[in-house]
Amino acid sequence: MAVESMRRVKTLGLLGTGVIGGGWAARALHFGIDVIAADVNPRMEEWIRGAVANAEGALARLTSAPLPPKGTLSFTTDAADMARRVDFIQENIPEQLELKQKMLADVSRHAPADVLIASSTSGLMPSDLQRDMRFPERLLVAHPFNPVYLLPLVELVGGKATAPEALTAAAAFFRYIGMHPLQVRREVPGHLTDRLQEALWREILHMVNDGVASTGELDESIIYGPGLRWAAMGTNLIYHLAGGETGMRHMLRQFGPCLKWPWTRLEAPELTEELIDRMVEGTQAQAAGRSIRELERLRDDYLVAIQQVLKQFDIGAGSTLRALEERLYADSATHLQAAAAADQPLQTLQTDVRAEWVDRSGRLSESRCLQVFADASDALFQVNGAAGGEREFIAMHSQLAHHARAGALEPIAVSTQVLGVDDNRISLFHWLKRRTDGQLIATAQQLYRYADASSGAPAPLEESARKALQALRTAHARLPVPEQAQSPVALGGS
Ligand SMILES: NC(=O)c1ccc[n+]([C@@H]2O[C@H](COP(=O)([O-])OP(=O)(O)OC[C@H]3O[C@@H](n4cnc5c(N)ncnc54)[C@H](O)[C@@H]3O)[C@@H](O)[C@H]2O)c1
């Protein structure tokens, strides 16, 4: 059994590329993981490429932290071939136990022993899924939520044969791609979240069936109230607050008796044609002529916005986003450290032009160009210990020059030369080039001052950061002054 030494995931294999497979692909590719997608239906190649492109806009707005170059997507109808070439397999075929058992057993015969295999199943038990597998200890349930590319939750469930190391290693991978792995203590049908969702859904069906409310009214009962609370605090912590000073204890005393009545039912109503019609007509009225695509776009936009707001409070999915950004900045700094030895401008940033960054003429916009340069400066400050504390470099002056066009999704890189350093200022020159042909896209000359982050008052650089930056300046002083530099730079330390 080799899961203890599970490999670093560079290539993710997907088995089944429908709604969920497409979502996994978009998320993994965005964070620099290559994807090999396998589906019995060859027409799904076009579908998955469309799904990835469709997710790009919202994903690009999720964070402005520097991203690694996007992963590449390939497609096959040969699941065995996929299994031989990947570091982690995520299964997303239809929710049928026998089909999943057969396919999981099949791929397990081709995937090397240290390749984890996870199932997206909404409610099946991992012990059943791993029954016929080779190396069943590497099977776990990793249940995501639609849209997988924006919702961070993934429930992890082990079966009787699952090795604990498999769950730990899978959690590390999911965190790497910006998710919140929630380890379920023991396998139960429906895991945690779908049991809760089903309870609500069952009651909705009853109320629509009994003519108590329409689908729209029931949605209003959530979105104007509990839904707003749930995103940050869930049900239990919110009820704790509802109990006043004595919290949950008082809440249970007050409302506990109603649970015995009970208000709600435990069995779903019969799905009669009439009930189905009511549900369909109700939701069509709510959609008010908007297509599924339009509604998906709206949903994606507010999901991004909510996570950014939660990030400010370091709560729920906002904490996950914050942790992801810290990891992305740290990785970009590590990449820079690796390149720092050479006597040449530093490779401070590598990324792709995101679809969001182009203006109406289809070229990298001025503001996003400046943002890319600012991210490159940040990476340089981080690696030299001059970022992340109570003091930081604040931009005083930026001079931007555009040289050529860069379009959406083009791979780009920034290199940076330190022109001057003194006790609390630094002058940088950046080149932004297309990675495929080296074409110069834009340059920027920037002057930063070190200052107290809250008051903005100038502050001296810490000794170690000043020394590190001056060493860099000394190395870069041997390089010619960039011909595009617009003004002489007269900072000390050279
Ligand atoms: N849709 C959701 O909201 C959601 C959320 C979380 C988890 N899930 C789970 O994810 C899984 C997939 O759900 P979905 O909604 O993406 O389904 P889907 O029907 O959209 O996609 C299933 C895909 O699997 C392919 N497929 C079928 N048999 C195959 C085989 N033998 N080999 C390879 N590919 C095969 C189909 O061609 C199809 O493209 C299910 O287990 C479901 O319970 C779904």
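Since this is a predicted model, take the numbers as computed values, not measurements.

Here we take up the overall build of the chain. When its secondary structure is counted, the chain shows 15 helices and 13 strands. Buried positions account for 47% of the 494 residues belonging to the chain. Sequence-distant contacts in the chain: of pairs separated by 6 or more residues, those separated by 24 or more amount to 73%. Carbon and sulfur atoms make up 54% of the accessible area of the chain, which amounts to about 24500 Å² in all. Distance from the positive charge centre (50 side chains) to the negative charge centre (59 side chains) of the chain: 4 Å.

We now examine the packing of helix α7 (residues 193-209) against helix α11 (residues 273-287). Where α7 meets α11, the closest approach of the two axes is 10 Å, and the angle between their N-to-C directions is 105°. Between α7 and α11, the interaxial angle falls into the category roughly perpendicular. Seen from α7, the contacting residues are Trp201, Ile204, Leu205, Val208 and Asn209; seen from α11, they are Leu275, Arg278 and Met279. Of the residues contributing to the contact of α7 with α11, the split by class is six nonpolar, one polar and one charged.

Below, the discussion takes up the site of the ligand. As a matter of local geometry, the ligand sits amid 22 residues, with Ile20, Asp39, Glu95, Lys100 and Ser122 nearest to it. For the ligand, an oxygen atom lies 2.9 Å from a polar atom in the backbone of Ile20. Between the ligand and Ile93, the relevant distance is 3.3 Å, taken from an oxygen atom to a main-chain nitrogen or oxygen of the residue. Taken by itself the ligand offers 840 Å² of open surface, and the protein chains cover 76% of this. Mapped by element, the contributors of at least two residues to the shell around the ligand are α1 (19-30) and α4 (97-108). With three residues, α4 is the single largest residue contributor to the shell around the ligand. Classifying every residue of the shell around the ligand gives 10 nonpolar, nine polar and three charged.

What follows is about the sheet that holds strand β8 (residues 180-183). Spatially, β3-β2-β1-β4-β5-β6-β7-β8 is the arrangement adopted by the eight strands of the open sheet, whose pairing is mixed. Two strands in the sheet have a free side with no partner beyond their single neighbour: β3 (73-76) and β8. With strand direction ignored, the average angle separating the axes of adjacent strands in the sheet is 25°. Pairing of strand β1 (residues 11-15) with strand β2 (residues 34-38) involves five bridges; the strand directions are parallel. Note on β2: the bridge partner recorded for Leu15 is Ala38.

Moving on: the domain arrangement of the chain. Split by domain assignment, the chain resolves into domain 1 (3-183), domain 2 (193-289) and domain 3 (340-476). One C-alpha centre belongs to domain 1, the other to domain 3, and the line joining them spans 35 Å. Listed as interface residues are 12 residues of domain 1 and, on the opposing side, 11 residues of domain 3. Summed over both sides, the interface of domain 1 with domain 3 buries roughly 950 Å², with 53% coming from carbon and sulfur. Our count for the domain 1 to domain 3 interface comes out at five residue pairs in polar contact (both at pLDDT 80 or more).

Another point: the pairing of β8. Summarising the sheet, strand β7 (residues 153-158) and β8 pair through four bridges and their orientation is parallel. Within β8, the residue paired with Glu155 across the bridge is Leu182. With respect to chirality, the unit in which β7 leads through helix α6 (residues 164-176) into the neighbouring parallel β8 is right-handed.

The subject of this paragraph is the packing of aromatic side chains. Within this structure, the stated rule accounts for 10 aromatic pairs. On the numbers, 4.2 Å between centres and 35° between planes, the contact of Phe381 with Phe393 is tilted. Of this pair, Phe381 sits in helix α14 (residues 366-383) while Phe393 sits in strand β10 (residues 391-402); the two residues are 12 residues apart in sequence, bridging distant segments of the chain. Exposure class is identical for Phe381 and Phe393. Each is buried. Each residue in the set Trp24, Phe88, Phe173 and Phe174 is aromatic and connected to the rest through ring pairs, giving one cluster. Directly above the ring of Tyr176 sits Arg327, whose terminal nitrogen or CZ lies 3.7 Å from the centroid.

Once that is clear, we can look at the pattern of salt bridges. Summed over all chains, the structure comprises 25 salt bridges. A single network of salt bridges, built from pairs that share partners, joins Glu91, Glu95 and Lys100.

Before going further, it helps to spend a moment on the sheet that holds strand β11 (residues 411-421). If you walk across this open sheet you meet the five strands as β9-β11-β12-β13-β10, and the pairing is antiparallel. At either end of the open sheet lies a strand with only one pairing partner, and these are β9 (346-352) and β10. If you compare each strand with its neighbour and ignore which way they point, the axes differ by 25° on average. Packing against the sheet, α14 makes contact with β9, β10, β11, β12 (425-434) and β13 (440-452), and its axis sits at approximately 120° to β12. Strand contacts of helix α15 (residues 463-476): β9, β10, β11 and β12, with the helix running at about 100° to β11, the strand carrying the most contacts.

Another aspect to go through is the pairing of strand β6 (residues 139-143). Across the five residues of β6, five count as buried, placing the element largely inside the fold. Side chains Leu139, Val141 and His143 of β6 all project onto a buried face; the interleaved residues Leu140 and Ala142 project onto the opposite face, where all are buried too. Here three bridges tie strand β5 (residues 116-119) to β6, and the two strands are oriented parallel to one another. Across the sheet, Ile117 pairs through a bridge with Leu139, a residue of β6. Pairing analysis gives four bridges linking β6 to β7, with the strands arranged antiparallel. Paired with Leu140 across the two strands is Gly158, which belongs to β7.

Contact pair helix α2 (residues 44-62) / helix α12 (residues 292-313): the axes reach a minimum separation of 9 Å and the direction vectors enclose 15°. Relative to α12, the element α2 is oriented roughly parallel. For the element pair α2 and α12, the recorded crossing hand is right-handed. Here Asn54, Ala58, Arg61 and Leu62 of α2 lie close against α12, whose contacting residues are Arg293, Glu296, Asp300, Asp301, Val304, Gln307 and Gln308. Grouping the amino acids of the contact of α2 with α12 by side-chain chemistry returns three nonpolar, three polar and five charged.

Criteria and cut-off values
Residues numbered from 1 in each chain as written. Predicted model: local features only at pLDDT ≥ 70, side-chain atom pairs only at ≥ 80, totals over all residues. Heavy atoms only, no water. Helix = DSSP H or I, 4+ residues; strand = E, 2+ residues; numbered from the N terminus. Buried < 20%, exposed > 50% of the residue type's maximum accessible area, 1.4 Å probe, protein only. Contact = heavy atoms within 4.5 Å. Areas by Shrake-Rupley, 256 points an atom, 1.4 Å probe, with all protein chains shown as cover. Lys, Arg positive; Asp, Glu negative; His and termini not counted. Charge placed at Lys NZ, Arg CZ, Asp CG, Glu CD. Axes fitted to C-alpha atoms, helices over the stretch in contact; angles between N-to-C directions. Parallel < 35°, antiparallel > 145°, perpendicular 65-115°, else oblique. Nonpolar A, V, L, I, M, F, W, Y, C, P; charged D, E, K, R; others polar. Near = heavy atom within 4 Å. Polar contact = N/O pair within 3.5 Å; in protein donor to acceptor, adjacent residues only side chain to side chain. Pairing = 2+ DSSP bridges. Domains from an automatic or database assignment. Buried area = accessible area lost by both parts, 1.4 Å probe. Right-handed = clockwise from strand over helix to strand, strands pointing away. Phe/Tyr/Trp six-rings, centres within 6.5 Å; stacked < 30°, edge-to-face > 60°. Lys NZ or Arg CZ within 6 Å of the ring centre and 35° of its normal. Salt bridge = Lys/Arg side-chain N within 4 Å of Asp/Glu carboxyl O. Left-handed = near helix turned anticlockwise from the far one by under 90°.

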